[in-house]
Amino acid sequence: MNTFGPPKLVLVRGEGAHVWDEDGTEYVDLLGGIAVNALGHAHPALVTAVTEQMQTLGHVSNFFATGPQVRLAERLIGLCSPDSGRRDGRVFLANSGSEANEAALKATRRTGRTKLVSAADSFHGRTMGSLALTSKAAYREPFEPLPGDVTFVPYGDAAALAAAVDDETAAVVLEPLQGEAGVNVPPPGYLAEARRVTREHGALLWLDEVQTGIGRTGRWTAHDPSLEPDLVTFAKGLAGGYPIGACVGLGEAGHLLGPGNHGTTFGGNPVASAAALAVLDTIEAEDLRAHATAVGARLRDGLDHPHVAEVRGEGLLIGISLDAEVAPAAVAAAQDAGFIINATGPDRVRLAPPLVLTEADAESFLAAWPAILDVAYEAGS
Ligand SMILES: *Cc1c(COP(=O)(O)O)cnc(C)c1O
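Parameters at a glance
Residues numbered from 1 in each chain as written. Predicted model: local features only at pLDDT ≥ 70, side-chain atom pairs only at ≥ 80, totals over all residues. Heavy atoms only, no water. UniProt positions renumbered as here; feature names shortened; annotations may be inferred. Helix = DSSP H or I, 4+ residues; strand = E, 2+ residues; numbered from the N terminus. Rg over C-alpha atoms; globule rule 2.2 N^0.38 Å. Contact = heavy atoms within 4.5 Å. Areas by Shrake-Rupley, 256 points an atom, 1.4 Å probe, with all protein chains shown as cover. Lys, Arg positive; Asp, Glu negative; His and termini not counted. Charge placed at Lys NZ, Arg CZ, Asp CG, Glu CD. Core = buried A, V, L, I, M, F, W, Y, C linked by side-chain atoms within 4.5 Å. Buried < 20%, exposed > 50% of the residue type's maximum accessible area, 1.4 Å probe, protein only. Domains from an automatic or database assignment. 1 Å grid on protein atoms, 1.4 Å probe; cavity = no way out; pocket = protein on both sides within 12 Å on 5 of 7 lines; lining within 4 Å. Points joined across faces, edges and corners; volume = space filled by probe spheres on them. Pairing = 2+ DSSP bridges. Expected span 1.5 Å × (residues − 1). Polar contact = N/O pair within 3.5 Å; in protein donor to acceptor, adjacent residues only side chain to side chain.

Looking at an unreviewed UniProt entry, the chain carries the name Acetylornithine transaminase, with the source organism given as Rhynchospora breviuscula. If you open the UniProt record of the chain and go to Subcellular location (unreviewed entry), you find "Mitochondrion". For the chain, the Pathway (unreviewed entry) comment in UniProt is given as "Amino-acid biosynthesis; L-arginine biosynthesis; N(2)-acetyl-L-ornithine from L-glutamate: step 4/4."

Some points on the overall build of the chain
Along its length, the chain carries 12 helices and 15 strands. Relative to a compact globule of 381 residues, whose C-alpha radius of gyration would be 21 Å, the chain shows 20 Å and is just as compact. Counting only C-alpha atoms and orienting by the principal axes, one finds that the chain spans roughly 55 × 50 × 45 Å. Restricting the contact set of the chain to residue pairs at least 6 apart, pairs at least 24 apart contribute 70%. In the structure as shown, the chain presents an accessible area of about 16,100 Å², 54% of it carried by carbon and sulfur atoms. Within the chain, one finds 27 positive and 47 negative side-chain charges whose respective centroids are separated by 7 Å.

Side note on the nonpolar core
Taken as a class, soluble globular proteins show a tendency for nonpolar side chains to be buried jointly. Of all hydrophobic cores here, the largest spans 63 residues; its most connected members are Leu 76, Ile 214, Leu 238, Leu 322, Phe 365 and Trp 369. When residues of this core are assigned to their parent elements, the largest contribution, 9 residues, is made by helix H12 (residues 359-380). Of the domains in this structure, domain 1 (11-30 + 287-380) and domain 2 (46-285) are the two that each give at least three residues to this core. If near-sequence neighbours (up to four positions away) are discounted, Phe 365 is found in contact with Leu 30, Leu 299, Leu 303, Phe 339, Ile 341, Leu 351 and Ile 372. Membership of the second largest hydrophobic core comes to 17 residues, among which are Ala 94, Leu 105, Ala 107 and Ala 253.

Comments concerning the layout of surface pockets
Quantified by volume, the second largest pocket comes out at close to 700 Å³. Around the second largest pocket, the lining comprises 28 residues; the ones closest to its centre are Arg 90, Val 91, Phe 92, Leu 93 and Leu 257. Breaking the lining of the second largest pocket down by element, the ones donating at least two residues are helix H3 (67-79), strand S4 (89-94), helix H4 (97-109) and strand S10 (245-250).

Things to note about the environment of Phe 365
Take Phe 365: it is sitting in helix H12. When its relative accessible area of 0% is taken as the criterion, Phe 365 is described as buried. Residues Phe 365 and Gly 338, 27 residues apart in the sequence, show an inter-C-alpha distance of 8.9 Å.

Some words on the sheet that holds strand S1 (residues 11-15)
The strand order S1-S2-S3-S13 describes an open sheet built from 4 strands, whose pairing is mixed. What marks the edges here is a single partner per strand, and that holds for S1 and strand S13 (339-340). Examined bridge by bridge, strand S3 (residues 26-29) and S13 share 2 bridges and lie parallel to one another. The residue of S13 that forms the bridge with Val 28 is Phe 339.

Details of helix H9 (residues 270-285)
Taking 1.5 Å as the rise per residue, H9 with 16 residues should run 22 Å; its terminal C-alpha atoms sit 22 Å apart, in good agreement. Counted residue by residue, H9 has 13 buried out of 16 residues, so it is predominantly covered. For H9, the side-chain oxygen to backbone nitrogen distance between the N-cap and Val 271 is 2.7 Å, and the N-cap itself is Asn 269. Directly beyond the C-terminal end of H9, a positive phi value near 55° is found at Asp 287.

Below, the structure written as structure tokens:
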């Protein structure tokens, strides 16, 4: 179905942060399948893990457990725990970010409350429940009525959040950085204030780390686990391109959903779980969080230009605001120059490259950037 409009290219092969189209033209991939290809393309550790798991046990049903799904759940609880000690937690494994969020949304209903607070410019997915939490009118309006009782507050405004939460609020759902909006970074202390307010009213704090989690910002989670959120959802980068989603319930929130409350046929599939374990192991073994921090800082520095109004982000999740509505033209100019980047709005460009992006690839993009902008502004004027 034509839900995406015309494709920009037909890609046939990838290696590291590089992809090739059907004509053999090579591109540096600075989008990484929208923050998904954490290990780049065709990473041997991921290929081996998926191949070996498929050769051993490819799928069972959720009537049975498998080693990889149990090990993955344990790892995710560990990533959501502060240094001071491992938290009690339970995990629901799914196949996408939207599905991870659907599980979290259903968990919030089991509090006995239905009111939810989300943020303006948020993105939580396109299924009916996750769409109900997504603010963008153009995505929502064709599908109303959506599951209700959602209030949207300006992102980053702690006072507005505090005013919106009361004793009937089931949960506050926030992205630690808003990726789809073009990488909005909240002021320091915003998430801590969200934790304080939710705790005061007995509401859950649910952090959507679908885009920001798993090393993307240079940390396992963009939020500090010592904040002790109740629900954390992951997906995009978690299995490096193999479909997966995870809803982590911490403390009491891990017990909200019980037998019969939710299900999935494919979620927790051993191949997806093995892929995620390979991603987590490789991020650790190759020190990719530190690498993302360093290469991301270099990119943000080097993107400065008279037409660049602002550069935002952390690690390898980077948003660029241009001083005119030429972001789509910049994407086209970049593609012609051999680079894949993404427009999140008329004047907003996003970079979310593989965490394995080399310094040389980053430098080649920075060297091409002024000419890309020249072409985009020429085309746009
Ligand atoms: C991409 C995204 C989702 C939706 O994930 P899908 O896998 O596309 O369903 C949800 N939340 C955030 C923050 C995202 O970036």
